[in-house]
Amino acid sequence: MKKEDCFYLGKIVSKYSFKGEVLVKIDTDEPEIYENMESVFVSLRNSLVPFFIEKCVLHKSTLLRIRFEEIANEDDADKVMGSELYLPLKFLPKLSGNKFYFHEVIGFNIEDSTHGNIGTITNVNDTTSQALFEIDKDGKEILIPINDEIITKLDRAQKTIYVTTPEGLIDLYLS
């Protein structure tokens, strides 16, 4: 399994018990849907290694407490500390309406209510406090914040996101 075929689920952040249980901080709005997983891919030395799960329960709000079949004690748990967890893309819940996954909209066109087509999404930058669409418009990069006030419609069939950008934002990039 390659990382490109998977989505990031979370990261092992601490040990939970002397029996090798670990706590995973998961990156999701709906942590409860991952509570009864049977397996997961753990990123170890730049490879995704399948680990089978003996027990997986929600611990507080965004943490999963996991007991892997392969990890029996604290020493074993130390070997996976800080590792990232991945699941195949097919396990992502389907979204509808204006909700989308960042990886899903790469290559979509952005249509602004004032400026018309303003380019193609080349990336989503979620390393900032506000996630941003990175858009290519004839070689120029345009950055648009991702939020419900700006996005008016998502058309998956046409691979287009319709936006109403704040006045002057697009002009900053195109002038």
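On a predicted model such as this, the values are computed, not experimentally measured, just so you know.

Draft legend 1. Spatial organisation of the overall build of the protein chain. For the protein chain, the helix and strand inventory stands at two helices and twelve strands. Counting from the amino terminus, the protein chain carries its helices and strands in the arrangement β-β-β-β-β-α-β-β-β-β-β-β-β-α. The C-alpha radius of gyration computed for the protein chain amounts to 20 Å, which surpasses the reference 16 Å derived for 175 residues by more than 25%, pointing to a less compact arrangement than a globule. With respect to the principal axes defined by its C-alpha atoms, the protein chain has extents near 60 × 30 × 25 Å.

Draft legend 2. Region of the structure containing the environment of N147. Position of N147 among the secondary structure elements: in the loop between strand 10 (140-145) and strand 11 (151-155). Polar contacts involving the side chain of N147 include one to the main-chain amide nitrogen of E149, which spans 3.0 Å.

Draft legend 3. Fine view of the packing of aromatic side chains. Enumeration according to the criterion identifies five aromatic pairs in this entry. Relative to F102, the ring of F100 has its centre 6.3 Å away and its plane inclined at 45°; by these criteria the two rings are tilted. Residue classification places F102 among the partly exposed residues on the basis of a relative accessible area of 31%. When the centroid spacing of 5.9 Å and the interplanar angle of 25° are considered together, the rings of F100 and F133 count as stacked.

Definitions and cut-offs
Residues numbered from 1 in each chain as written. Predicted model: local features only at pLDDT ≥ 70, side-chain atom pairs only at ≥ 80, totals over all residues. Heavy atoms only, no water. Helix = DSSP H or I, 4+ residues; strand = E, 2+ residues; numbered from the N terminus. Rg over C-alpha atoms; globule rule 2.2 N^0.38 Å. Polar contact = N/O pair within 3.5 Å; in protein donor to acceptor, adjacent residues only side chain to side chain. Phe/Tyr/Trp six-rings, centres within 6.5 Å; stacked < 30°, edge-to-face > 60°. Buried < 20%, exposed > 50% of the residue type's maximum accessible area, 1.4 Å probe, protein only.

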